[in-house]
Every structure is written in structure tokens, then in C-alpha cells.
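Notes for the structure review
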Amino acid sequence: MWNDVSVQAPEPGWELLPENGWFALLGWAAGAWNLCRVPGSDEGRTVRVTLIERGVEHNYLEPFNPEDREGVEASINGYLAEGRVPARPAGYDWYLKAPLTWAPASSVLDELDSRIIRLQSQRSPSPAQILQTMELVVRGFYA
């Protein structure tokens, strides 16, 4: 499914999916027709580093590097694997389309998150169980 997602600039009404396993799983549940992707870039990104020496905390920023990118992708794809979903191609920013009737002042992602969490019946569901709930919510949301 990932390779079926069109590579195009998002138009108004598309929301950027944050870079984590939960939102990658949500993208999978939404399907290729509700996603688009654009080549991503880490240029100019930074990461906060915390170093504790002798009980003193030091914080500083350093450039986001290829090892950081590998870590992000591994974390996302590890979560997807737990949900029995294939790895997502690296190097893209992923966007979710809002339904045509959606009010632009509110976040589609916030609404979907809220609906998914309300339907979860288990305290600590596995990604595979979360995916089942996501698919149910997304089906109703886009109907």
C-alpha cells in the first residue's frame, strides 16, 4: 500500500502526520487514497541532547544527522511490524487528507485520536489491536 500513495504536494485540507509509529499506523489504516507524500528533508533540523555529569544536567542542540534519521525510521517501522504492517518507505513526509465536509479550523488528527482512544477497550493494547480500532474509526470517519 505504501508505494501506492501518490507523491504530490499537499493541498489545503491535508495534515502532516507526525513522525511516530502511532501516526504511521493511522496512515496505513486510512489507506493510499487518503494519503499523499512528499520527499522530506532533515536539513536545518536539530536534536536536543541532555548530558548529565556529576548530577549536573547540560542541554544543547546539535544537527539532526543520518543516524538520528535511521533511529526515527527504525522506531516507526518497529511499531508498524508489531501491528503486522509492512515497513514504510523512508525519506518522505506523509499527509492525511481531511474529508470534504471537515471544518478547516479543527484538526483531523486530534479528532481521529480522540475517537480511537475512546473505543480502545484494553488498557495497554498492542499495535495490532490498535490497528483494528483505527480501521473501524477511519472507515466511519471517511464514510
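Rules of the game
Every chain is numbered independently, its residues counted from 1 as its sequence is written. Totals for whole chains, interfaces and linings use all residues, but because this is a predicted model, local features are given only for residues with pLDDT of at least 70 and pairs of side-chain atoms are given and counted only at 80 or more. Water and hydrogen atoms were dropped before computing side-chain values, which therefore reflect all heavy atoms in the structure. The score called pLDDT rates the predictor's confidence residue by residue, from a low of 0 to a high of 100. Every helix listed is a DSSP run of H or I at least four residues long, and every strand listed is a run of E at least two residues long, numbered separately from the N terminus. In a helix, the anticipated span is given by 1.5 Å times the number of residues less one. Only heavy atoms matter for contacts: two residues are in contact if any of them lie within 4.5 Å across the pair. One bridge is not enough; two strands pair if DSSP finds at least two bridges between them. Here, nonpolar core refers to any group of buried Ala, Val, Leu, Ile, Met, Phe, Trp, Tyr and Cys residues whose side-chain atoms link them within 4.5 Å. Relative accessibility decides the category of a residue: with a 1.4 Å probe and only protein chains considered, values under 20% of the type maximum give buried, values over 50% give exposed, and everything between is partly exposed. Should a side-chain nitrogen of Lys or Arg be within 4 Å of a carboxyl oxygen of Asp or Glu, the pair is scored as a salt bridge.

So, on to the confidence of the model for the protein chain. Residues at a pLDDT of 70 or more form 99% of the protein chain, whose mean pLDDT is 92. Within the protein chain, helix 3 (residues 108–119) has the poorest average pLDDT of any element, 88, and strand 3 (residues 35–39) the best, 97.

Relative to the 16 Å expected for 12 residues at 1.5 Å per residue, helix 3 spans 17 Å between its end C-alpha atoms, a close match to the ideal helical length. Residues of helix 3 that are buried sit in contact with strand 2 (14–16), helix 1 (21–30), strand 6 (92–97) and helix 4 (127–142).

Taken in spatial order, the 4 strands make up an open sheet running 1-3-6-2, and their pairing is mixed. Lying at the two open borders of the sheet, with one neighbouring strand each, are strand 1 (6–7) and strand 2. Note that strand 2 and strand 6 share 3 bridges and pair antiparallel. When the sheet's bridge partners are listed, Glu15 is paired in strand 6 with Leu96.

Ranked by internal contacts, the top residues of the largest apolar core, which has 28 residues, are Leu17, Leu25, Leu26, Leu80, Leu96, Leu112 and Met134. Contributing elements (two or more residues each) for this core: helix 1, helix 2 (66–82), strand 6, helix 3 and helix 4. Once residues lying within four places of it in the same chain are set aside, the contact partners of Leu96 are Gly13, Trp14, Glu15, Leu17, Ala30, Asn34, Leu35, Val108, Leu109, Leu112 and Tyr142.

Another point: the pattern of salt bridges. Counted by the stated rule, this structure contains 6 salt bridges. Across the salt bridge formed by Arg69 and Glu19, the nearest N and O atoms sit 2.9 Å from each other. A residue pair is termed long-range when its members are at least 10 positions apart, and Arg69 in helix 2 and Glu19 in the loop between strand 2 and helix 1 qualify at 50 residues. A relative accessible area of 15% places Arg69 in the buried class. Relative accessible area serves as the criterion here: at 31%, Glu19 is assigned to the partly exposed category. Residues Arg69 and Glu73 are paired through a salt bridge, measuring 3.0 Å at the closest nitrogen-oxygen approach. Of this pair, Arg69 and Glu73 both sit in helix 2, 4 residues apart, which is roughly one turn of that helix.

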